Amino acid sequence: MKVTEFIRSNITYLDGGMGTLLQSAGLGAGELPERLNISRPELIESIHRAYFDAGSNIVCTNTFGANPLKFDSEELEKIICAAVKNARNAAESSISRRKKFIALDIGPLGKLLKPYGDLDFEDSVSAFAEAVRLGAKYGVDLIFIETMNDSYETKAALLAAKENCDLPVFVSNAYGEDGKLMTGASPEAMVAMLEGMGADAIGVNCSLGPDKLAPIVRRYLKRASVPVLLKPNAGLPKFENGKTVYDIDPDGFALTVTELIKEGVRLAGGCCGTTPEYIEAVVEKTADITPVAIEEKNISCVSSYTHAVDFGKSPILIGERINPTGKKRFKQALVENDMGYILEEGLKQKDFGVQILDVNVGLPEICESEMLESAVTELQAIIDLPLQIDTADPLAMERALRLYNGKAMINSVSGKEESMKAVFPLAKKYGGFIVALTLDENGIPNTAEGRYAIAEKIYSAAKEYGIEKKDLIFDPLAMAISADAGAAEATLKTVRLLAENGFNSSLGISNVSFGLPARDAVNSVFFATALDRGLSAAIMNPYSIDMMRVYHAYKALHSMDENFSEYIAFSEKFASVAPSVTAMAAAEASPMSDGGSPLKNAIIKGLAEKAGELTAAMLDKEAPLDIVSNEVIPALDIVGKGFEAKTVYLPQLLMSAEAAKAAFEKIKQQMQSAENGGKRSTRCKVVIATVHGDIHDIGKNIVKLLLENYGFEVIDLGKDVPPETIAETVERLKAPLVGLSSLMTTTVPAMADTIGLIRERTPKVKIVVGGAVLTKEYADMIGADFYAKDAMAAVRFAEDHEKSIG
């Protein structure tokens with residue numbers, strides 16, 4: 001029996017923590033757990049066996065960090081071969097009579113992907129692929145991707161698994177207390193993307209105990225049409241007598257997990273701090289529970305790296321301005337590869353209230369696939385809106401879908417056989433919400449009935465590819481009434497037919513008025529009528545006040561705008577604007593954000609190229625350090641405070657930091673001839689490092705970038721740094737501040753050792769610590785001065801400490 005068949009009708013028990021038990025067995029500071037598969041196979045086998053004996057159906061191999069960024073190819077193969085053998089031996093020797101499966105455990109690579117880090121998306125896919133191929137080669141039953149805190153890396157891992165084996169794939173993400181991944185994704189965004197790509201089970205693990213993860217799991221259960229899994233920590237960690245312990249015992253753990261199983265969780269186990277006793281307690285408490293049926297949720301949605309946008313609850317606006325049709329300036333930007341113009345067009349449309357951006361860059365003069373890839377990559381780096389990828393070129397479509405960080409809207413497929421054969425396989429592989437045009441080899445029918453018949457034909461073909469109705473939205477094609485007076489009514493009748501039969505619909509609104517004067521008047525009335533007939537979404541010009549008035553009024557009239565907040569805000573903003581004036585013209589004098597000056601706004605929006613250009617121009621009139629003090633730092637503070645208030649996500653914080661960095665580079669060049677040799681006036685020294693045994697440096701690198709932008713002199717010792725090296729550097733440089741990072745429970749003892757050695761050598765130095773496995777209480781116990789829950793907290797502590805030392 002395959003594991004996918006088993007979980008469909010059985011509550012399935014996963015294993016618990018591996019690092020916890022390895023630490024208790026004497027895992028040394030800096031020792032890599034994966035190598036124990038070879039050096040101490042009896043230990044690894046005994047841990048796996050203990051979980052099987054406790055009732056686990058699925059045990060993960062000891063390969064969490066087994067990847068080619070950590071081990072060379074020869075050693076990696078030996079490790080995975082041994083790891084699978086150890087798990088298989090444990091299954092065969094276990095006293096349990098339960099059904100057993102072996103999962104290849106895959107954890108994060110420890111690097112942030114571009115553009116926020118230095119790891120290319122395709123390189124990450126290749127790294128995961130090597131491990132997947134080896135796992136399949138040596139006989140695992142499934143792939144288990146876990147503890148992922150970045151949606152983009154999660155996609156890379158799932159893509160690698162799907163492309164390199166035919167095994168079931170389970171995916172689990174690690175959420176913070178704010179209910180989001182480190183890079184900002186919500187549970188709804190992850191469910192949309194992972195289901196779209198075909199994950200066989202999805203869920204959450206690590207970071208928090210079962211009580212804290214319960215709200216996040218419930219959001220999964222509300223959205224997911226596939227089995228949901230849960231592997232919480234045993235509560236919060238603390239340090240006692242040189243060991244890491246957790247504050248929830250097996251009975252308390254099992255009590256909460258049992259309640260979540262009753263609500264629909266299908267697979268349950270544990271993560272950091274859990275042992276076979278925890279799994280056994282869950283098995284005992286849930287022995288008589290009948291599994292909750294897994295139901296199709298039928299949610300039509302798209303997603304970005306932060307959130308999902310649902311169709312069917314209220315009309316969705318899709319911004320049409322990133323499209324060369326009829327736009328001379330935009331065509332010029334494409335030909336000149338002026339990405340800055342394209343990005344600003346996207347930002348402006350977001351400011352005017354669209355929920356999705358259409359991205360069409362097709363021009364005969366350029367390579368569309370390359371431009372579309374660039375546009376999608378750069379837009380999603382600074383804008384958190386989902387994208388509609390708009391192209392008739394299947395090659396361009398695939399390149400864009402592959403790199404898109406979320407579940408995209410795909411524009412489009414038609415009823416032509418050639419079109420369906422090209423688009424449907426891409427949508428099935430990468431996930432997507434497909435715009436289906438009601439035309440086929442015979443053209444566009446003149447009647448609503450003819451167009452609806454094509455919609456039914458497309459839906460029937462989609463089902464053959466495993467694509468459901470919820471992932472289709474039909475465009476019944478708005479035609480110019482100037483050419484056919486009955487065109488609008490045929491389209492509107494089709495919209496109603498689609499709505500009455502449970503289909504989503506979308507229209508390119510402005511087509512209807514082509515060739516007529518005062519087009520906004522025609523467009524807005526057509527839009528209002530289409531909404532009344534059941535239109536789900538509109539590709540439209542958000543700069544049209546007439547169109548936006550219709551949209552906000554419609555929502556207000558149909559109880560889609562709580563307390564009329566959107567309607568009132570829009571009305572107040574444009575109350576005195578004449579109907580003939582576009583919203584864009586009315587707001588032209590206003591800044592794009594609350595930052596104020598153009599440079600501040602460029603930094604806030606993450607526009608690095610523009611920030612550099614503006615800084616260069618300002619240097620002709622203003623002193624370099626005045627620009628730093630009056631423009632750059634205040635802009636960073638605005639973004640930093642937004643991050644602290646959870647209104648700005650990590651990617652936006654990093655892109656703003658990169659924009660500030662571009663400004664600093666221009667300032668540095670200007671100061672090259674100055675007495676200080678072009679060096680900025682720096683603040684105190686800060687030594688940072690990831691502790692011995694830990695190769696994950698994402699958090700450390702983020703802290704480094706921000707500290708440098710705030711003027712601190714950062715000495716980065718890298719990752720996997722021995723305590724002696726850190727202590728010696730701090731002493732030699734007389735640095736007043738040290739930052740230490742650790743992601744893994746197995747390396748926290750190395751952090752404690754490092755802190756102890758620093759205290760011996762330089763007792764007055766202040767030590768700030770951070771990492772996924774740490775808490776304030778834990779940091780206090782190991783002797784740190786401050787626990788930084790995120791990068792901005794580290795910056796604020798550094799600022800406060802510098803003030804205290806004068």
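Predicted model, so just to flag it, every value in this text is computed and none were measured.

Asks: What exactly am I supposed to notice about a nonpolar patch on the surface here?
Replies: A contiguous nonpolar surface patch, about 270 Å² in accessible area, is contributed by Phe564, Tyr567 and Ile568. By secondary structure assignment, the location of Ile568 is in helix 21 (residues 565–573). Owing to a relative accessible area of 39%, Ile568 belongs among the partly exposed residues under this scheme.

Asks: Please clarify how the pattern of salt bridges should be interpreted in this entry.
Replies: All chains considered together, the criterion is met by 45 salt bridges. Close ionic contact of Glu122 with Arg402 constitutes a salt bridge, the shortest N to O distance being 2.6 Å. One end of the pair, Glu122, is in helix 6 (residues 121–137); the other, Arg402, is in helix 15 (residues 394–403), with 280 residues separating them in the sequence. Glu122 sits in the partly exposed class, given a relative accessible area of 29%. With its nearest N and O atoms 2.7 Å apart, the salt bridge here joins Glu373 to Arg399. Within this pair, whereas Glu373 is found in helix 14 (residues 368–382), its partner Arg399 is found in helix 15, the two being separated by 26 residues in sequence. Looking at Glu373, the relative accessible area reads 22%, which means it is partly exposed.

Asks: Is there a simple way to explain empty space enclosed by the protein in this structure?
Replies: In this approach a probe as big as a water molecule rolls over the atoms, and the regions it shows empty are the leftover space. Counting across every chain of the model gives two cavities of 30 Å³ or more. Taken as a whole, the largest cavity spans an internal volume of roughly 60 Å³. The wall of the largest cavity is formed by Thr63, Phe64, Gly65, Ala66, Asn67, Ile80, Leu104, Asp105, Ile106, Gly107, Phe128 and Ala131. Broken down by secondary-structure element, the contributors of at least two residues to the lining of the largest cavity are strand 3 (101–106) and helix 6. With three residues, the single largest contributor to the lining of the largest cavity is strand 3. When the residues that make up the lining of the largest cavity are grouped by side-chain class, the tally is seven nonpolar, four polar and one charged. Estimated volume of the second largest cavity: approximately 40 Å³. Within the lining of the second largest cavity, the residues separate by chemical class into four nonpolar, two polar and one charged.

Asks: What is the right way to look at the environment of Ser506 in this model?
Replies: Here Ser506 is to be found in strand 19 (residues 504–508). With relative accessibility at 1%, the residue Ser506 sits in the buried group. Placed 202 residues apart in sequence, Ser506 and Glu708 show a C-alpha to C-alpha distance of 47 Å. For Ser506, the residues in contact, after removing those within four places along its chain, are Ile318, Ile473, Phe474, Asp475, Pro476, Leu535, Ala537 and Ile539.

Asks: Looking at this structure, how should I read the layout of surface pockets?
Replies: Here the second largest pocket is characterised by a volume of approximately 1,200 Å³. Lining the second largest pocket are 44 residues, with Asn323, Thr325, Asn360, Asp390 and Asn511 positioned closest to its centre. The set of elements that each furnish at least two residues to the lining of the second largest pocket consists of helix 15, strand 16 (409–414), helix 16 (417–430), helix 19 (519–533) and strand 20 (537–540). The residue makeup of the lining of the second largest pocket, split by class, is 16 nonpolar, 16 polar and twelve charged.

Asks: Explain the packing of aromatic side chains here, please?
Replies: Each aromatic ring pair is specified by the distance between its two centres and by the angle formed by the two planes. What the rule picks out here adds up to 13 aromatic pairs. Measuring from ring centre to ring centre gives 5.3 Å for Phe352 and Tyr543, while their planes differ by 70°; the resulting arrangement is edge-to-face. Of this pair, Phe352 sits in the loop between helix 13 (339–351) and strand 14 (356–359) while Tyr543 sits in the loop between strand 20 and helix 20 (545–557), placing them 191 residues apart in sequence. You can call Phe352 buried: its relative accessible area is 12%.

Asks: Just checking my understanding: could you explain the sheet that holds strand 1 (residues 12–13) for this structure?
Replies: Hydrogen bonding along the main chain pairs the strands of a sheet, whether they run parallel or antiparallel. Taken in spatial order, the eight strands line up as 1-10-7-6-5-4-3-2 in an open sheet, and their pairing is parallel. Each edge of the open sheet is held by one strand with a lone partner, namely strand 1 and strand 2 (58–60). Sheet analysis places strand 2 next to strand 3, joined by three bridges and oriented parallel. Paired with Cys60 across the strands is Ala103, a residue of strand 3.

Asks: Even after reading the chapter, I still don't get the state of the cysteines, so can you show me in this structure?
Replies: Working definition of a disulfide: a covalent bond connecting the sulfur atoms of two cysteines. Under the defined criterion, the tally for this structure stands at zero disulfides. Cysteine Cys206 remains unbridged, with the sulfur of Cys272 as its closest cysteine sulfur at 3.7 Å.

Asks: Would you explain unusual backbone geometry in this entry?
Replies: Most peptide bonds take the trans configuration, and most residues that are not glycine carry a negative phi. Cis rather than trans, the peptide bond between Lys114 and Pro115 has omega equal to 10°. Between Asn411 and Ser412 the backbone carries a cis peptide bond, its omega angle lying at 20°. With a phi close to 70°, Leu477 is a non-glycine residue in the positive phi region. Note that Leu477 resides in the loop between strand 18 (472–475) and helix 18 (487–500). Within the chain, Lys646 stands out as a residue other than glycine whose phi angle is a positive 65°. Relative to the assigned elements, Lys646 resides in the loop between helix 25 (624–644) and helix 26 (650–670).

Asks: Can you help me understand the sheet that holds strand 17 (residues 433–437) in this one?
Replies: Taken together, the eight strands give a closed barrel; going around it, the order is 13-14-15-16-17-18-19-20, and neighbouring strands pair in parallel fashion. Here the strands of the sheet are splayed against their neighbours by 30° on average, with no regard to which way each runs. Where strand 19 and strand 20 come together, three bridges link them in parallel fashion. Residue Gly508 lies in a different strand from strand 20, and its bridge partner there is Ile539.

Asks: When you look at the confidence of the model for the protein chain in this model, what are you seeing that I'm missing?
Replies: Predicted coordinates in areas of low pLDDT are best not read in detail. Summary statistics for the protein chain give a mean pLDDT of 93 and a share of 96% for residues scoring 70 or more. Below a pLDDT of 50 lies the segment residues 587–594, which in the model reaches eleven contacts outside its immediate sequence neighbourhood of four places, other chains included.

Asks: Looking at this structure, I do not really get the side chain of Thr729. What am I missing?
Replies: Inspection of the secondary structure puts Thr729 in helix 28 (residues 723–733). On the basis of relative accessibility, which here comes to 5%, the residue Thr729 falls in the buried class. One polar contact links the side chain of Thr729 to the main-chain carbonyl oxygen of Thr725, over a distance of 2.8 Å. Each residue touching Thr729, except ones within four places of it in the same chain, is listed here: Val687, Ile715 and Leu717.

Asks: I tried to follow a negative patch on the surface on my own but got confused; where do I start?
Replies: A contiguous patch of negative charge on the surface is contributed by Asp249, Asp251, Glu277, Glu280 and Glu284. Considering each element in turn, the negative patch owes the most residues, three residues, to helix 11 (residues 276–285). By the element assignment, Glu284 lies in helix 11. Accessibility expressed as a relative area gives 56% for Glu284, which makes it exposed.

Asks: Looking at this structure, how should I read the nonpolar core?
Replies: Most often, soluble globular proteins have nonpolar side chains that are buried together. If you look at the biggest cluster of nonpolar residues, it comprises 226 residues, and the most contacted ones within it are Ile143, Ile145, Phe424 and Phe527. Among the elements that take part in this core, helix 26 stands out by supplying ten residues, more than any other. Other than its neighbours up to four places away in sequence, Phe527 contacts Leu317, Ile509, Leu535, Ala538, Met547, Val550 and Tyr551. If you look at the next biggest cluster of nonpolar residues, it comprises 28 residues, including Ile715, Ala752, Leu757 and Val773.

Asks: In this structure, what is going on with the pairing of strand 6 (residues 201–205)? I would like to understand it.
Replies: Each regular strand displays side chains that alternate between the two surfaces of the sheet. Counting buried positions along strand 6 gives five out of five residues, so the element sits mostly inside the fold. Of the two faces of strand 6, the one holding Ala201, Gly203 and Asn205 and the one holding Ile202 and Val204 are both buried throughout. Across four bridges, strand 5 (residues 169–173) lies against strand 6 in parallel orientation. Counted as the bridge partner of Asn173 is Val204 from strand 6. For the handedness criterion, the β-α-β arrangement of strand 6, helix 9 (residues 210–223) and strand 7 (residues 228–231) is classed as right-handed.

Cut-offs and rules
- Residues numbered from 1 in each chain as written.
- Predicted model: local features only at pLDDT ≥ 70, side-chain atom pairs only at ≥ 80, totals over all residues.
- Heavy atoms only, no water.
- Patch = residues over 30% accessible without salt bridge, like charges linked within 9 Å, V, L, I, M, F, W, Y side chains within 5 Å.
- Areas by Shrake-Rupley, 256 points an atom, 1.4 Å probe, with all protein chains shown as cover.
- Salt bridge = Lys/Arg side-chain N within 4 Å of Asp/Glu carboxyl O.
- Helix = DSSP H or I, 4+ residues; strand = E, 2+ residues; numbered from the N terminus.
- Buried < 20%, exposed > 50% of the residue type's maximum accessible area, 1.4 Å probe, protein only.
- 1 Å grid on protein atoms, 1.4 Å probe; cavity = no way out; pocket = protein on both sides within 12 Å on 5 of 7 lines; lining within 4 Å.
- Points joined across faces, edges and corners; volume = space filled by probe spheres on them.
- Nonpolar A, V, L, I, M, F, W, Y, C, P; charged D, E, K, R; others polar.
- Contact = heavy atoms within 4.5 Å.
- Phe/Tyr/Trp six-rings, centres within 6.5 Å; stacked < 30°, edge-to-face > 60°.
- Pairing = 2+ DSSP bridges.
- Disulfide = S-S within 2.5 Å.
- Axes fitted to C-alpha atoms, helices over the stretch in contact; angles between N-to-C directions.
- pLDDT = per-residue confidence, 0-100.
- Polar contact = N/O pair within 3.5 Å; in protein donor to acceptor, adjacent residues only side chain to side chain.
- Lys, Arg positive; Asp, Glu negative; His and termini not counted.
- Charge placed at Lys NZ, Arg CZ, Asp CG, Glu CD.
- Core = buried A, V, L, I, M, F, W, Y, C linked by side-chain atoms within 4.5 Å.
- Right-handed = clockwise from strand over helix to strand, strands pointing away.

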